Amino acid sequence: MATASEIAAVGVIGAGQMGSGIAQLAAAAGCAVLLLDADSAALSRAVASISASLRRLAAKGQLSQTACEDSIKRIRCVSTVQDLRDADLVIEAIVENEDVKKQLFVELDKITKASAILASNTSSISITRLASATKRPAQVIGMHFFNPPPIMKLIEIIRGADTSDEVFAAVKSFSERLGKSVICSQDYPGFIVNRILMPMINEAFWALYTGVATKEDIDTGMKLGTNHPMGPLQLADFIGLDVCLSVLRVLHNGLGDNKYSPCPLLVQYVDAGRLGKKRGLGVYSYAQKSSSLKPKSSL
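Source: prediction; values computed, not measured.

Examining the packing of aromatic side chains
1) Next: Counted under the stated rule, the structure contains 3 aromatic pairs.
2) Next: Here Phe-205 and Tyr-269 contribute two aromatic rings whose centre-to-centre distance is 6.2 Å and whose plane-to-plane angle is 80°, an arrangement assigned as edge-to-face. Here the residue Phe-205 occupies a position in helix α7 (residues 193-209), and Tyr-269 occupies one in helix α11 (residues 264-271), the gap between them amounting to 64 residues.
3) Next: A residue is classified by how much of its surface remains accessible, and Tyr-269, at 5% relative accessible area, is buried.
4) Next: Centre to centre, the rings of Phe-238 and Tyr-286 are 6.1 Å apart; their planes meet at 85°, and the pair counts as edge-to-face. Note that Phe-238 is positioned in helix α9 (residues 232-239) and Tyr-286 in the loop between β9 (284-285) and β10 (296-297), a separation of 48 residues in sequence.
5) Next: For Arg-274, the ring lying beneath its charged end belongs to Tyr-269, and the centroid distance is 4.1 Å.

Looking at the pairing of strand β7 (residues 154-159)
1) Next: Within β7, 5 of the 6 residues are buried, leaving the element largely enclosed by the surrounding structure.
2) Next: For strand β6 (residues 140-145) and β7, the ladder comprises 5 bridges, and the chain directions are antiparallel. The residue bridging Phe-145 from the neighbouring strand is Ile-155, located in β7.
3) Next: Pairing of β7 with strand β8 (residues 181-185) involves 5 bridges; the strand directions are parallel.

As for the nonpolar core
Soluble, globular proteins show a tendency: their nonpolar side chains are buried together.
1) Next: Counting residues in each nonpolar core, the largest one holds 38 residues, and the members touching the most others are Leu-35, Met-143 and Phe-145.
2) Next: Among all residues touching Leu-35, those that are not within four sequence positions of it are Val-12, Gly-14, Ala-15, Gly-19, Ala-23, Leu-43, Ala-46, Ile-50, Ile-75, Arg-76, Cys-77 and Val-78.

Side note on the environment of Ala-42
1) Next: As for its position among the elements, Ala-42 is in helix α2 (residues 40-59).
2) Next: In contact with Ala-42, not counting residues within four places along its chain, are Ala-15 and Asp-37.

Describing the packing of α2 against helix α3 (residues 65-73)
Helix packing for two helices is described by the angle between their axes and how far apart those axes are.
1) Next: Relative orientation of the contacting elements α2 and α3 amounts to 170°, with a least axis distance of 9 Å. In terms of orientation, α2 lies roughly antiparallel with respect to α3. Of the residues in α3, those touching α2 at Ser-51, Leu-54, Arg-55 and Ala-58 are Gln-65, Cys-68, Glu-69, Ser-71 and Ile-72.
2) Next: Classifying every residue of the contact of α2 with α3 by side-chain character gives 4 nonpolar, 3 polar and 2 charged.

Focus on the UniProt feature "site: Important for catalytic activity" (unreviewed entry) in the chain
1) Next: The UniProt record annotates "site: Important for catalytic activity" (unreviewed entry) at His-144.
2) Next: Locating His-144 in the fold gives a position in strand β6.
3) Next: Those residues in contact with His-144, other than ones at most four positions away along the chain, are Ser-120, Asn-121, Thr-122, Ser-123, Leu-154, Ile-155, Glu-156, Ile-158 and Asn-194.
4) Next: Reaching out from His-144, the side chain makes a polar contact with the side chain of Glu-156 at a distance of 2.8 Å.

Considering the UniProt feature "binding site: CoA" (unreviewed entry) in the chain
1) Next: The residues that UniProt annotates with the feature "binding site: CoA" (unreviewed entry) are Ser-53, Lys-60 and Ser-123. Spanning 71 residues, the named residues do not form one spatial group; their C-alpha atoms are separated by as much as 31.6 Å.
2) Next: The topology assignment puts Ser-53 in helix α2.
3) Next: Among the residues examined, Ser-53 registers a relative accessible area of 14% and is labelled buried.
4) Next: Within the fold, Ser-123 resides in the loop between β5 (117-120) and α5 (127-131).
5) Next: Note on Ser-123: relative accessible area 8%, which makes it buried.
6) Next: Setting aside anything within four residues of it in sequence, one finds Ser-123 in contact with Glu-96, His-144, Gly-190, Phe-191, Asn-194, Val-243 and Val-247.

Some thoughts on the sheet that holds β8
1) Next: Read across the sheet, 8 strands follow the order β3-β2-β1-β4-β5-β6-β7-β8 without closing on themselves; strand pairing throughout is mixed. Edge positions in the sheet fall to β3 (75-78) and β8, since each has one partner strand and no second. With strand direction ignored, the average angle separating the axes of adjacent strands in the sheet is 25°.
2) Next: Most of the contacts of helix α1 (residues 17-28) go to strand β2 (residues 32-36), to which it runs at about 170°, and overall it touches β1 (9-13), β2, β3, β4 (89-92) and β6.

Brief notes about α7
1) Next: The terminal C-alpha atoms of α7 lie 24 Å apart, and with 17 residues this matches the ideal 24 Å at 1.5 Å per residue to within 8%.
2) Next: In the core, the buried residues of α7 are packed alongside β6, α8 (215-226), α9, α10 (241-255) and α11.

Some thoughts on the side chain of Ser-51
1) Next: Along the chain, Ser-51 falls in helix α2.
2) Next: Look at Ser-51 and you get buried, because its relative accessible area is 9%.
3) Next: A polar contact of 2.8 Å, which involves the side chain of Ser-51, links it to the backbone oxygen of Val-47.

Reading guide: rules and limits
- Residues numbered from 1 in each chain as written.
- Predicted model: local features only at pLDDT ≥ 70, side-chain atom pairs only at ≥ 80, totals over all residues.
- Heavy atoms only, no water.
- Phe/Tyr/Trp six-rings, centres within 6.5 Å; stacked < 30°, edge-to-face > 60°.
- Helix = DSSP H or I, 4+ residues; strand = E, 2+ residues; numbered from the N terminus.
- Buried < 20%, exposed > 50% of the residue type's maximum accessible area, 1.4 Å probe, protein only.
- Lys NZ or Arg CZ within 6 Å of the ring centre and 35° of its normal.
- Pairing = 2+ DSSP bridges.
- Core = buried A, V, L, I, M, F, W, Y, C linked by side-chain atoms within 4.5 Å.
- Contact = heavy atoms within 4.5 Å.
- Axes fitted to C-alpha atoms, helices over the stretch in contact; angles between N-to-C directions.
- Parallel < 35°, antiparallel > 145°, perpendicular 65-115°, else oblique.
- Nonpolar A, V, L, I, M, F, W, Y, C, P; charged D, E, K, R; others polar.
- UniProt positions renumbered as here; feature names shortened; annotations may be inferred.
- Polar contact = N/O pair within 3.5 Å; in protein donor to acceptor, adjacent residues only side chain to side chain.
- Expected span 1.5 Å × (residues − 1).

Dropping the structure here:
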């Protein structure tokens, strides 16, 4: 099993915003990165986004031009799980669905070398259950990055029931090598951050649903009254309303408490395809880009 300093090749599965951000971090830390996605267009968008992000850092003097170009060159796009056979660490950042993730871990367990660590970027799903799909549960761990990964300073590490001390130490050190602060959670639904955050977001939806206040006043109240940088409804849009709904359902099912039951308005928005900023419409409309981060009302 590779130590943090021996993690030289990192596989990242999923070329969306989370996966591309994780790939950027690993490449900038000196790792060879294999970015896997079945959608070639998604891979092209990811490479363009990573390149632009790294070049912005270089333009600001936060990264040398040489380091920038070397980081870009370290990323190789691949299209099959078999291409990850030599990775020391594989991080999946695919859809937040336990069955889909389990099937992926079954495949990874067969393909990757025996020493490889398998990590999930899940924001709520049991690491123990994902690990149970493999023959190497001691080498399965949760690495919950936050959006966008290159900017957010935190990685939440989750140990499954069988995650070894050696794997935990290696992943913690690797996370710090990426320049992140680390917190560690036991394997309970929602872990630390979402266990606390999602009920707040859900309550904000209930306040909107029951007519307590407008979305603008709800968000302004939390920003100015509690010193949050972003209101809970706008934050939900940035996370993705479908992700919020998925996490709430995991919390509700896993903890059995009705306080985690998703607000009907959140369910309705997701059913309508109003998934947030990534779709241009959620609680707010993002159809017309603005230089300001202020959301525009869609109601």
